[in-house]
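# Examination of the molecular architecture
Listed below are the residues making up each chain.
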Amino acid sequence: MGVKNVISHILIIAWKDLIELFRNKMALAMLMLMPIFMMAMAGFIFPSSTSMSNISVALVNEDKGSASSMFIDVLERINNSTEMMVLTNASSFDEVRNMIQRGDVEGGIVITRNFSLNLMTGEQGSIIIVTDQSNPQISIALQTGLKAVFDQMGTVLAQKNVEPLNATNSLAVVKPYHVETQGAIPGTFNYFDFMAPGLMAMTVMMSVMTGLPAAISHEREVGTLDGMMVAPIRRLGIILGKTLAQTVRGLLQGILTLILAIALFGVVIHGSILLIFALLFLGVFSFVGLGVVITSFAKDQETAMMVMMTLMFPMMFLSGVFFPIQQMPWYMQSISKALPLTYAITALRKVMVLGADLSAISLEVAVLIGFGTVMTLIALPVFRRAMTK
Amino acid sequence: MHGIEVNNLTKRFGTLVAVDHVSFSVEEGEIFGLLGPNGAGKTTIIRMLSTLTRPTEGTASVGGYDVVKEDGKVRELIGLVSEKMILYDRLTAKENLWFFGRLYNIPGELLNKKIDELLKLVKLTKWKNSQVGTFSTGMRQRINVIRAMLNMPEILFLDEPTLGLDPQSSVEIREFIRKINRENKVTIILTTHMMAEADMLCDRIGIIDYGKIAALDTPINLKKLISGADSTILELEIPNLTTDMIHSIQSLKCVSSVSQNNSTRIKVNANGDDAFDTIIDAIRANKGKIISVKTLEPTLEDVFLQITGHEVRDKADQKIKMKMHRHHMPKTRVR
Ligand SMILES: Nc1ncnc2c1ncn2[C@@H]1O[C@H](COP(=O)(O)OP(=O)(O)O)[C@@H](O)[C@H]1O
Ligand SMILES: [Mg+2]
């Protein structure tokens, strides 16, 4: 009887909130725009892979010998196929530095004097890569890209050098092993496959976490919350009803995020869609308590939103949406491990990217349920007290 | 006995004492008014009685149930029209009523019937499916009031039910309040800062000022406080009114208070047989030209002035008003 009533109250409150949402054109537009902006930001600003293209690079050849011209020949041939660089000629190291400072080029390659001579005489030929430290992203891409080129050229040169030995496979002599990367699931993997689950979880949770305090404090400010508070209904019903509405709103955004990720960035889902939604629900549940506590303490809508945003921002980075948490220093990793979002994202990633099933994510699920239950139990009395201040 | 019992009810917000050891009781079937200026503590009392705010001290029972310990029971008995309208602009009139009705677990069929009935009662049937946001304030308040009646409350709280309404709507709301009190036997406790409204509607009135009850009685008895004491209330129009003139009127022994309505009009409360002559003489002596003199019946406003020593509007209005008073009448104690 009691439970049946609470459920009916949850549903009617959610129904009411959703009608309000769908009749609010402005709110609907924002709801659609958020995932689009999010995707655009993540997709076009963050590098989607380490292979960049059309980086303008200055090339200096101080060497007069034949080895350097062969080197440049190979470099240009490789570059023609990858289109990584746009090469410009320069006369000296100093000029390259000036060009970088002026912003004409984003890096440089200097083939030092006596490069050919050194190679002939069995010494090491040296090449300097000039990087633009003010732009670490490109700088790193350039280094990795050029290293690969030099590596390949070194191999070609070495192969030539060992040819007189008459080995059956000169390549095997120079490079005795061959490394190949293969994922746990078939297909190529890009940065987006890594990011999409996190972005989706974040979109849903951010939507609920900003939406819930806003919805409750808004009703408190305009006075309609009193209408629910004077009714003989459970306070839990009010909280869960509003949460349900916000979750539906969040899931709509999550679905939109997913569709964009699939359509624009070729993300492939390997696991069960049902499990993905269940995880999103669970992620929301793990957060609700926190949102309610914040709402209870915040005086008005603005304060609630501000506190929420302040918490969400670091959480976004700490929970491994953009970077694997393994990259962080140990103390950051411990903070990260205390955040429910981390577990939601990890589980989601396992399901979406690796096609994991429920048994493979049981730890994450347990943590999320535990966290959510504890937070809700804390939040209820806090909410009850705050509302009758 | 039921109704409402309030004992030393107190509410502090930090150091501010919004409600200060208030005690009163409201009988079943009564219309009880809390009258006082803005900030007097009326809303806070209503919120404590309707379980929305926890009292700092004291107790209160509504319909025989304690507002803190048995808040759930209290909620089943009451309806609330608070200062802010409890309606969702983007929902239609029907949707709003449906939503709140469902919170009280009224079965669908019965609820539909009740909604139609109530809408008819306030003559808004044809607006049933229009969004409340498109309504005039008067229409919204009518919906708001029937919303509070959905669960057939025994006790209805109305916090400033006609605030900000046009005269026509105010009249309709007042008629509705009287009607449900008479026909549905609903006990009503309402707040207002309008003397006339309290006078018109209430069986008994508690005058509240700075969180305390300054007087409590029927409107007639409250008015007798003044007229019984052979008091005179004059409204004078003097085109060449000066501050000195007001000071000299104020310093007269028979005058209890002087208030200025605008640059040429003053209202004087005085006692005694020769008050009229004395006041006119004083104005003449100050070379004042009197265009008109009116003798007024005492209103609750005068009662309030007499009891609290200041005007009802003085806290509410921002416009600076010259107000002077002396000789407080002995304050009426609450029982
Ligand atoms: N939530 C609150 N926090 C702090 N002060 C409050 C709060 N509610 C009311 N007050 C203060 O208590 C006093 C009484 O307010 P209120 O009960 O609203 O008066 P009224 O309804 O008679 O105008 C006012 O001074 C008001 O500022
Ligand atoms: Mg008030």
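Structure: above.
In what follows, the accompanying structure is described.

Residues B:Asp273, B:Asp274, B:Asp277 and B:Asp281 make up a contiguous surface patch of negative charge. Secondary-structure assignment places B:Asp273 in the loop between strand 13 (265–271) and helix 10 (275–285).

We now examine the coordination of the magnesium ion (ligand 2). Protein coordination at the magnesium ion (ligand 2) comes from B:Thr43 (OG1) and B:Glu83 (OE), with a distance range of 2.0 to 2.3 Å. Placement of B:Thr43 in helix 1 (residues 42–49) and of B:Glu83 in the loop between strand 6 (78–81) and helix 3 (93–103) is noted, with a sequence separation of 40 residues between them.

Hydrogen bonding along the main chain pairs the strands of a sheet, whether they run parallel or antiparallel. Residues and elements named next belong to chain A. One open sheet accounts for four strands, arranged 2-1-3-4; its pairing is mixed. Since the sheet does not close on itself, it has two edges, and those belong to strand 2 (85–90) and strand 4 (127–131), each with one partner. Each neighbouring strand pair of the sheet contributes to a mean axis angle of 25 degrees, computed without reference to strand direction. Pairing analysis gives six bridges linking strand 1 (residues 55–61) to strand 2, with the strands arranged parallel. Following the sheet pairing, Ser-56 is matched in strand 2 by Val-86. On the sheet, helix 3 (residues 66–82) packs against strand 1, strand 2, strand 3 (107–111) and strand 4 and is oriented at approximately 150 degrees with respect to strand 2. Strand contacts of helix 6 (residues 136–162): strand 1, strand 2, strand 3 and strand 4, with the helix running at about 160 degrees to strand 4, the strand carrying the most contacts.

What follows covers the sheet that holds strand 8 (residues 187–192) of chain B. All names here are of chain B. Overall, mixed pairing links the six strands, which are arranged 6-7-8-3-9-10 in an open sheet. Where the open sheet ends on each side, the last strands, each with one partner, are strand 6 and strand 10 (212–217). Averaged over all adjacent pairs, the angle separating strand axes in this sheet is 15 degrees, with direction ignored. Each of strand 3 (31–35), strand 7 (155–159) and strand 8 is contacted by helix 6 (residues 167–183), which is oriented at about 155 degrees to strand 8, the strand it contacts most. Sitting on the sheet, helix 11 (residues 300–308) is in contact with strand 3, strand 9 (204–209) and strand 10, with an inclination near 45 degrees to strand 9.

With that settled, the discussion passes to the interface of chain B and chain A. Opposite the 29 residues of chain B that make contact, chain A presents 30 residues. Approximately 2600 Å² of surface area, both sides summed, lies buried where chain B meets chain A, with 57% of it carried by carbon and sulfur atoms. In this assembly, chain B and chain A are joined by two salt bridges. We note a salt bridge from A:Asp226 to B:Arg47, for which the minimum N-O separation is 2.8 Å. Inspection of the region where chain B meets chain A yields nine residue pairs in polar contact (both at pLDDT 80 or more). Within the side of chain B that touches chain A, the residues separate by chemical class into twelve nonpolar, eight polar and nine charged.

As a further point, take the site of ligand 1. Residues and elements named next belong to chain B. In the vicinity of ligand 1, the contacting residues are Phe-13, Leu-16, Ala-18, Pro-37, Asn-38, Gly-39, Ala-40, Gly-41, Lys-42, Thr-43 and Thr-44. Contact between ligand 1 and Lys-42: an oxygen atom at 2.8 Å from a main-chain N or O atom of the residue. Thr-43 has a polar side-chain atom sitting 2.6 Å from an oxygen atom of ligand 1. Its free accessible area being 550 Å², ligand 1 has 60% of it covered by the protein chains. Sorting the residues of the shell around ligand 1 by element identifies strand 2 (16–26) and helix 1 as the ones contributing at least two each. A total of three residues in the shell around ligand 1 trace back to one element, the largest contributor, which is helix 1.

On to a nonpolar patch on the surface. Residue and element names in this part refer to chain A. On the surface, a nonpolar cluster with roughly 380 Å² of combined accessible area is contributed by Phe-22, Val-248, Leu-252, Ile-255 and Ile-259. Take Val-248: it is sitting in helix 10 (residues 235–265). Under the relative-accessibility criterion, Val-248 is labelled partly exposed at 30%.

Cut-offs used in this document
Residues numbered from 1 in each chain as written. Chains lettered and ligands numbered in written order. Predicted model: local features only at pLDDT ≥ 70, side-chain atom pairs only at ≥ 80, totals over all residues. Heavy atoms only, no water. Patch = residues over 30% accessible without salt bridge, like charges linked within 9 Å, V, L, I, M, F, W, Y side chains within 5 Å. Areas by Shrake-Rupley, 256 points an atom, 1.4 Å probe, with all protein chains shown as cover. Salt bridge = Lys/Arg side-chain N within 4 Å of Asp/Glu carboxyl O. Lys, Arg positive; Asp, Glu negative; His and termini not counted. Charge placed at Lys NZ, Arg CZ, Asp CG, Glu CD. Helix = DSSP H or I, 4+ residues; strand = E, 2+ residues; numbered from the N terminus. Donors = N, O, S within 2.8 Å, 3.2 Å for Na, K, Ca; no water. Pairing = 2+ DSSP bridges. Axes fitted to C-alpha atoms, helices over the stretch in contact; angles between N-to-C directions. Contact = heavy atoms within 4.5 Å. Buried area = accessible area lost by both parts, 1.4 Å probe. Polar contact = N/O pair within 3.5 Å; in protein donor to acceptor, adjacent residues only side chain to side chain. Nonpolar A, V, L, I, M, F, W, Y, C, P; charged D, E, K, R; others polar. Near = heavy atom within 4 Å. Buried < 20%, exposed > 50% of the residue type's maximum accessible area, 1.4 Å probe, protein only.

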